[in-house]
Amino acid sequence: MKFTLKDYQRDAVRDALNNLKDAQDDWRRKSRKCAFSLTAATGAGKTVMAAAAFEALFHGDDEFDFDADPGAVVIWFSDDPALNEQTRFRLMEASDRINHTDLVVVENTFNRPRFEAGKIYFLNTQKLGKNSLLVRGHEPEELEAKSGALLPETRPDLRAYTIWDTIQNTIDDPELTLYLVLDEAHRGMGNTTVKEKGTIVQRLINGFGSVPGIPVVWGISATVERFNKAIEFAGKHIKLPNVMVDTVKVQESGLIKDTILLDIPTETGDFDTVLVRRATDKLKESTIAWHEYAKQQEEAQTVAPLMVLQVPNTPDPNEIGRALDTIFDRYPEMPAASVAHVFGGHTTQQFGNHSVPYIEPQRVQDSTWVRVLIAKDAISTGWDCPRAEVMVSFRAASDRTHITQLLGRMVRSPLARRIPGNDRLNAVDCLLPKFNRKTVEEVVDTLMKGDDSAPPTGRILIDYLEVKPHPEASTSIWNAFESLPSQTRPQRGAKPARRLTALAHELASDGILSGAGRLAHSAMHKALDTFQESQKEKIEAKRKSVLTVDGKTVVADMKGKEKTFNEFWEDADIAVIDDAYRRAARVLSPDIAKTYVEHLARQVASVDEDPEEFLEAIVEARVTVAGLGLVTEVQSYFDTEADRLAKVWLEEYSSHIKALSDDRRESYRQIVEMSTEPQSVDLVKPESRYEATKARDNDKEISFPTWKHHLLADKDGKYPAELNDWERIVIERELKKDGFRFWYRNPQQPGQSSLGIAYLEDEQFKIVRPDFIFFAEQDGKVVVDLVDPHGLHLADALPKLQGLAAYAKEHACAYRRIEAVAEACGKLRVLDLTINDVRQAVLNASSARSLFEGLLAKDYE
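**Student:** Sorry if this is basic, but what is going on with the overall build of the protein here?
**Tutor:** Regarding its fold elements, the protein presents 26 helices and 38 strands. Residues classed as buried in the protein amount to 54% of the 861 residues present. A fraction of 73% describes how many contacts in the protein between residues 6 or more apart in sequence connect residues 24 or more apart. Split by element, the accessible area of the protein, about 39,600 Å² in all, is 48% carbon and sulfur.

Spelled out as structure tokens, the structure:
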């Protein structure tokens, strides 16, 4: 893969491959068909996950312990040829093992008896429609209607095979396995409660006439409920476990934007022009912000943000022309040839005085000359444009589905990562002139919950303001903030050796540690040599077991009705040795196993002096490594050594890494996260954040109170915050304490400016974000207090408290106080987790409430 998979992507690929392995086995051994689905929010990288799965399917993958299927054939199916083309391009962009010749677009001229192994064929609904040349002559109903009997019909262009013939022959071939991947799998499922002629998609899945159903079906979508129900209703496939991608992890990854800002008129009337002006200002501000960011990061290219004008299905050309006039009046620096449309007519359109060309939706992202795009509904299924940051919709409130669909396509982050500490560059703006407060709430509900039209997303703000660093906050306070340790979420199945080699690659690429890859491998070779020396007898026994295959011959005495078992031993052939070596390589990592074999061979032979002897030494070394992999203790030992070296390097070169650009630092942050244990990362100073200023309760608008001395503030030095009673009491009391200087409300959304603490619940690691951080001066130094008002009524109260205690055990020296506050015995009580006895009691507790009611808790004052 050209891309490093995010942890949730790796988990999803692993689960999908497990399903594919089971489905392959069921089909070949029992002729049973299987189906499963992958559910992932828009922006999660479904195509990247599919590319990783296809690489393993065609070529095998040691990391996922997956053997290649030499007879694998994939049909990628959607209802849109443009979407297929976009997917084909993304697969080439993501994979370094799948080339363009492996990605075949099935055109009307396609004419083969069967599909070819190792290839992905792109089909769409229109290609299988009854008027398509690909199916002409196969439809029984069509032949009967024409001739009154099922007689052969001359196929177009003397075609020997229809596409249905090709599919049938491929399924019937015992050397091939046909896999069907349905993109946007919720579409085309039809009505699952009525027995009628199936849709094209259902025919592909379930078969019809003499054409059997496809053996392995994989549905991919943000919402696959309809697909799952259709599979279960048809009853033709065994349903394998669905692969679910956690939307929280997608949000944490930074691949999708953190915030959607909704603007609506505050009173009734026609405010189209007002909001178009406001949208243009936002486009201009965003353009300047991206330019400044690129300059700061010393990047040659900058993001060119896009505004989308969404219009009704039958728009008034003059109204669109007036909107364009407003945009150019407000943003005169923008070139006149900056506008394009994606209407169905595919021709140049006249909007008032503006002649606007057509552009294909999939070309918009890379065509940076387009700064304003005019569209009708969701543009197209699967379309996305990460640089689309501002949208003005002239749709009526009754068209909210079209609005949420389009917004759902605009949530991808332009640089495929979060911009540290900058809400402006992590947000998308949506302006709705035709909406009011009541109708916009329905849009918010859809976006928060997610449905067929849009995935669930992060924060959505209607009434908001921007806060920036408080001008009176000193450098020493911000230094204290940035040095606070935040924790990452541990990753399932993370491999220390992979982490070490990835770190070595980045250190060498950035010129921080020359030859880091060679040094990493050399260090691990030395560690394995030490292990071999300490485990000589075990390794020698395992080595012998690799070289011999033992078994038993059954001898049956037909007369006496008895059986005896005679043991036998045979020398292992090269295939058996290779298999044992591959298993060991999965323990050590394929790269390190390979270089360790060469390291061992060089100790007894020289490739320059005697190449033949060196090859023999290589074979012997592979046997040794195979035996090494069979020693139970080697995995733990090897992982510990790899983890130790990675931590040493991350600590030793931390100052060099901090001096890099955001893009490069993001690579290291991902490497830090590649661990099965929580890892500590520094916070990033926030430069911009949007905060809500109002809420609505029973049709009444409530303005939030504002507070002083917050690290982020508006131009008047105030910060709006909605606080419950406990939180308000905590703030009021902390602000009165001696030496107090500033406070920070820790954001509850993921980001580099939000302090996170890992905790374990139901054997799954999650992240809790404590509410408040306070900064004070004591003896001429800045000290930090972490205070978390803690609800005891929720089921996760104790796991969160235990996570906080474990964090305090490791990082108590970074704080003056680490306190959990909760209401117990009719008043607020506090547990000081910097005290060892308190921490131990929390870690051993079975009830959070008993802790706050016990002797270790004190009254909060």
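Additional details are given in the paragraphs that follow.
**Student:** Would you mind showing me how to read the packing of aromatic side chains here?
**Tutor:** Between two aromatic rings, the relevant description is the distance of the centres plus the angle of the planes. Applying the stated rule across the entire model yields 18 aromatic pairs. Judged by centre distance (5.9 Å) and plane angle (75°), the rings of Phe110 and Tyr121 are edge-to-face. Note that Phe110 is positioned in the loop between strand S3 (103-105) and strand S4 (120-124) and Tyr121 in strand S4, a separation of eleven residues in sequence. A ring pair is formed by Tyr719 and Trp743, whose centres lie 5.9 Å apart and whose planes are at 90°; its orientation type is edge-to-face. With Tyr719 in strand S30 (residues 719-720) and Trp743 in strand S31 (residues 740-745), this pair connects stretches of sequence that are 24 residues apart. Given a relative accessible area of 2%, Tyr719 falls into the buried group. On the accessibility criterion, Trp743 (0% relative accessible area) is buried. Taken together, the ring pairs connect Phe36, Phe54, Trp76 and Trp218 into an aromatic cluster. In this arrangement the basic side chain of Arg203 is found over the ring face of Phe208, its NZ or CZ atom lying 4.2 Å from the centre.

**Student:** For this particular structure, what's the right way to read the environment of Ile359?
**Tutor:** Counting through the fold element by element, Ile359 comes out in the loop between strand S15 (354-356) and strand S16 (372-375). The spatial distance from the C-alpha of Ile359 to the C-alpha of Ala340 is 6.2 Å, given a sequence separation of 19 residues. With sequence-adjacent residues up to four places away left out, Ile359 is seen in contact with Ala340, His341, Val342, Val364, Ser367, Trp369, Val370 and Leu373.

**Student:** It is not clear to me how the nonpolar core should be interpreted in this structure. Could you clarify?
**Tutor:** Nonpolar side chains in soluble globular proteins generally cluster together in the buried interior. Phe54, Ile120, Trp218, Leu262 and Leu373 are the most contacted members of the largest nonpolar core, which has 76 residues in total. Looking at this core element by element, the count peaks at ten residues for helix H2 (residues 46-59). Ignoring any residue separated from it by four or fewer positions in sequence, one finds Ile120 in contact with Phe54, Phe58, Val74, Trp76, Leu91, Ile98, Asp102, Leu103 and Val104. Within the second largest apolar cluster, 57 residues are counted, among which are Phe740, Trp743, Leu755 and Val821.

**Student:** It is not clear to me how the sheet that holds strand S38 (residues 858-859) should be interpreted in this structure. Could you clarify?
**Tutor:** Paired through their backbone hydrogen bonds, the strands of a sheet run either parallel or antiparallel. Strand order in the open sheet formed by six strands is S31-S34-S35-S36-S37-S38, and the pairing between neighbours is mixed. Two strands lie at the open edges of the sheet, namely S31 and S38, each paired on one side alone. As paired strands, S31 and strand S34 (residues 772-778) are joined by five bridges and run antiparallel to one another. Within S34, the residue paired with Phe740 across the bridge is Ala776. Packing of helix H13 (residues 475-482) onto the sheet brings it into contact with S31, S34 and strand S35 (781-789), and relative to S35 it is tilted by some 50°.

**Student:** Could you clarify how one ought to interpret helix H5 (residues 163-172) in this entry?
**Tutor:** In an α-helix, one turn spans 3.6 residues; hence positions three or four apart end up facing the same way. Of all the ten residues making up H5, eight are buried; the element is thus mostly covered by neighbouring parts of the structure. Taken as a whole, H5 has its buried residues at Ile163, Trp164, Asp165, Thr166, Ile167, Gln168, Thr170 and Ile171.

**Student:** Sorry, what's going on with the packing of helix H14 (residues 496-509) against helix H20 (residues 634-652) here?
**Tutor:** For any two helices packed against each other, one specifies the inter-axial angle together with the distance between the axes. Two elements in contact, H14 and H20, have axes separated by 8 Å at closest approach and are oriented at 30°. Relative to H20, the element H14 lies roughly parallel. Taken as a pair, H14 and H20 cross one another with a handedness that is left-handed. Counting all contacts with H14, which are made through Pro496, Ala497, Arg499, Leu500, Leu503, Ala504 and Leu507, the residues of H20 involved are Phe638, Asp639, Ala642, Asp643, Leu645, Ala646, Lys647, Trp649 and Leu650. The residue makeup of the contact of H14 with H20, split by class, is twelve nonpolar, no polar and four charged.

**Student:** Is there a simple way to explain a negative patch on the surface in this structure?
**Tutor:** A cluster of acidic side chains, namely Asp608, Glu609, Asp610, Glu612, Glu613 and Glu616, defines a negative patch on the protein surface. Assignment of secondary structure puts Glu616 in helix H19 (residues 611-629).

**Student:** Is there a simple way to explain the confidence of the model for the protein in this structure?
**Tutor:** Should the pLDDT be low somewhere, the predicted coordinates at that spot are not to be read in detail. In this model, the protein carries an average pLDDT of 87, and 89% of its residues clear a pLDDT of 70 or more. A low-confidence stretch, residues 550-559 stays under pLDDT 50, and its non-local contacts, those more than four residues away or across chains, total 23 contacts. Of the regions scoring below 50 in pLDDT, residues 563-571 engages in 26 contacts with residues more than four places distant in sequence or in other chains.

**Student:** Which parts of the structure should I look at to understand the environment of Val838?
**Tutor:** For Val838, the location among the structural elements is in helix H25 (residues 836-844). In the structure, Val838 is positioned 17 residues away from Leu855 in sequence and 9.9 Å away in space, judged by C-alpha atoms. Val838 has contacts with Leu831, Asp832, Leu833 and Leu856, leaving out every residue within four places of it along the chain.

**Student:** Help me understand helix H3 (residues 81-94) in this model?
**Tutor:** Taking 1.5 Å of rise per residue, 14 residues should cover 20 Å, and H3 covers 20 Å from first to last C-alpha, within 8% of that figure. Residues Leu83, Asn84, Gln86, Thr87, Arg88, Leu91 and Ala94 constitute the buried set of H3. The inward-facing, buried residues of H3 abut H2, strand S2 (72-78), S3, S4 and strand S5 (177-183). The N-cap of H3, judged by a side-chain oxygen 2.9 Å from the amide nitrogen of Ala82 a few residues on, is Asp80.

**Student:** Just checking my understanding: could you explain the side chain of Arg88 for this structure?
**Tutor:** On the secondary structure map, Arg88 appears in helix H3. Residue Arg88 is classed as buried on the basis of its relative accessible area of 17%. In contact with Arg88, not counting residues within four places along its chain, are Leu103, Val105 and Phe122.

**Student:** So what exactly am I meant to see when it comes to unusual backbone geometry here?
**Tutor:** Peptide bonds are mostly trans, and most non-glycine residues show a negative phi. Phi at His709 takes a positive value of approximately 65°, unusual for a residue other than glycine. The residue His709 is located in the loop between strand S28 (706-707) and strand S29 (712-713) in this model. Overall, the relative accessible area of 36% leaves His709 in the partly exposed class. Within the chain, Asp779 stands out as a residue other than glycine whose phi angle is a positive 55°.

Conventions we followed
- Residues numbered from 1 in each chain as written.
- Predicted model: local features only at pLDDT ≥ 70, side-chain atom pairs only at ≥ 80, totals over all residues.
- Heavy atoms only, no water.
- Helix = DSSP H or I, 4+ residues; strand = E, 2+ residues; numbered from the N terminus.
- Buried < 20%, exposed > 50% of the residue type's maximum accessible area, 1.4 Å probe, protein only.
- Contact = heavy atoms within 4.5 Å.
- Areas by Shrake-Rupley, 256 points an atom, 1.4 Å probe, with all protein chains shown as cover.
- Phe/Tyr/Trp six-rings, centres within 6.5 Å; stacked < 30°, edge-to-face > 60°.
- Lys NZ or Arg CZ within 6 Å of the ring centre and 35° of its normal.
- Core = buried A, V, L, I, M, F, W, Y, C linked by side-chain atoms within 4.5 Å.
- Pairing = 2+ DSSP bridges.
- Axes fitted to C-alpha atoms, helices over the stretch in contact; angles between N-to-C directions.
- Parallel < 35°, antiparallel > 145°, perpendicular 65-115°, else oblique.
- Left-handed = near helix turned anticlockwise from the far one by under 90°.
- Nonpolar A, V, L, I, M, F, W, Y, C, P; charged D, E, K, R; others polar.
- Patch = residues over 30% accessible without salt bridge, like charges linked within 9 Å, V, L, I, M, F, W, Y side chains within 5 Å.
- Salt bridge = Lys/Arg side-chain N within 4 Å of Asp/Glu carboxyl O.
- Lys, Arg positive; Asp, Glu negative; His and termini not counted.
- Charge placed at Lys NZ, Arg CZ, Asp CG, Glu CD.
- pLDDT = per-residue confidence, 0-100.
- Expected span 1.5 Å × (residues − 1).
- Polar contact = N/O pair within 3.5 Å; in protein donor to acceptor, adjacent residues only side chain to side chain.

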